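Take a look at the letters that make up each chain.
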Amino acid sequence: MFNADIVPVGKDQKQHLEMTRDIATRFNHHYGEIFSIPQDLISEDTGIIPGIDGRKMSKSYKNIIPVFLSTDELRKTIMKIKTDSKEPGEPKQPKGSSVFEIYRAFASEEQTQAMEARYKEGVSWGDAKEMLFELLEEKINPLREQYDQLIKEPKEIEKILTTGAKKALHISTPIIKKVRQAVGIRGFSE
């Protein structure tokens, strides 16, 4: 609807964009060039973020780390992440470690390399989880504060949503008109 040329998606969303491309291509074939054919932008550095049980993080699996948990609840949730039975001092593999993969999704390259070195040195799972907690708390706390402030001001949320809707309508209305004209659908007032 917004004729995006490039759409950033995760690897697990690529199929949705492929369906969008197929629909847009078919529509354009029948009705003329109206829709852009979007290209996906998938970062190879990021993958699917694992949940606290090691599977893909998903609300349907109930294995997520809710972003706006309190500090204490965030720590408790992170401490529940499943790990293997390797003892402190025993080298650990970053690949396949939920703790490491979640950490890497939020960390800088330098932080990621430091954590990888700690794994090879045999960091304890408790220390690795604490490092993950500290990183997430650092990254999420400003967002949590903003969220808490917005929740206290529903009128501000309404204002933000209304402004966004106006911007979206400004972009999408001309495209909708082209689509309606192409397929022969007139409005009720026409």
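See the structure shown above.
Parameters at a glance
Residues numbered from 1 in each chain as written. Predicted model: local features only at pLDDT ≥ 70, side-chain atom pairs only at ≥ 80, totals over all residues. Heavy atoms only, no water. Helix = DSSP H or I, 4+ residues; strand = E, 2+ residues; numbered from the N terminus. Rg over C-alpha atoms; globule rule 2.2 N^0.38 Å. Salt bridge = Lys/Arg side-chain N within 4 Å of Asp/Glu carboxyl O. Axes fitted to C-alpha atoms, helices over the stretch in contact; angles between N-to-C directions. Parallel < 35°, antiparallel > 145°, perpendicular 65-115°, else oblique. Left-handed = near helix turned anticlockwise from the far one by under 90°. Contact = heavy atoms within 4.5 Å. Nonpolar A, V, L, I, M, F, W, Y, C, P; charged D, E, K, R; others polar. Core = buried A, V, L, I, M, F, W, Y, C linked by side-chain atoms within 4.5 Å. Buried < 20%, exposed > 50% of the residue type's maximum accessible area, 1.4 Å probe, protein only. Expected span 1.5 Å × (residues − 1). Arc of directions from axis to C-beta.

## Side note on the overall build of the chain
Piece 1. Helix and strand counts for the chain stand at 6 helices and 2 strands.
Piece 2. Counting from the amino terminus, helix and strand elements in the chain follow one another as β-α-β-α-α-α-α-α.
Piece 3. Relative to the 2.2 N^0.38 estimate, which gives 16 Å for 190 residues, the radius of gyration of the chain is 23 Å and therefore markedly larger than a compact globule would have.
Piece 4. Overall, the C-alpha framework of the chain stretches about 75 × 40 × 30 Å when taken along its three principal axes.

## Examining the pattern of salt bridges
Piece 1. Applying the stated criterion to the full structure yields 6 salt bridges.
Piece 2. The salt bridge partner of E73 is K76, with a shortest N-O separation of 3.6 Å. Here K76 and E73 lie together in helix α2 (residues 71-79), a separation of 3 residues that amounts to about one turn.
Piece 3. For the salt bridge of E130 with R75, the shortest nitrogen-to-oxygen distance reads 2.8 Å. Of the two residues, E130 is situated in helix α5 (residues 125-151) and R75 in helix α2; the sequence distance between them amounts to 55 residues.

## Concerning the packing of helix α3 (residues 98-106) against α5
Piece 1. Put simply, α3 and α5 touch, their axes get as near as 10 Å, and they point 25° apart. It follows that α3 is roughly parallel to α5 by the angle criterion. Judged by the twist between their axes, the crossing of α3 over α5 is left-handed. Taken together, the residues of α5 that come into contact with α3 (itself represented by V99, I102, Y103 and F106) are A128, K129, M131, L132, L135, L136 and K139.
Piece 2. A class-by-class count of the residues in the contact of α3 with α5 yields 9 nonpolar, no polar and 2 charged.

## Structural notes on the nonpolar core
Piece 1. In terms of nonpolar packing, the biggest core is built from 21 residues, with I65, L74, I78, I81, Y119, L132 and L136 touching the most fellow members.
Piece 2. Residue assignment for this core shows that the elements contributing at least two residues are α2, α3, α4 (109-121) and α5.
Piece 3. Once residues within four sequence positions are removed from consideration, L132 is found in contact with I78, I81, V99, I102 and Y103.

## Some thoughts on helix α1 (residues 14-31)
Piece 1. With 18 residues, α1 should reach 26 Å at 1.5 Å per residue; the first-to-last C-alpha distance of 26 Å fits that figure.
Piece 2. What α1 keeps buried is the set L17, A24, F27 and N28. With its buried residues spanning 100° around the axis, α1 presents them on a single face. Within α1, the exposed residues directed more than 90 degrees away from the buried face are M19, D22, I23, R26 and H29.
Piece 3. Check the buried side of α1 and you find it contacts β1 (6-8), β2 (39-41) and α6 (154-183).
Piece 4. Two residues or fewer past α1, G32 is found with a positive phi of approximately 100°.

Such coordinate-based values are descriptive only and should not be taken to indicate function.
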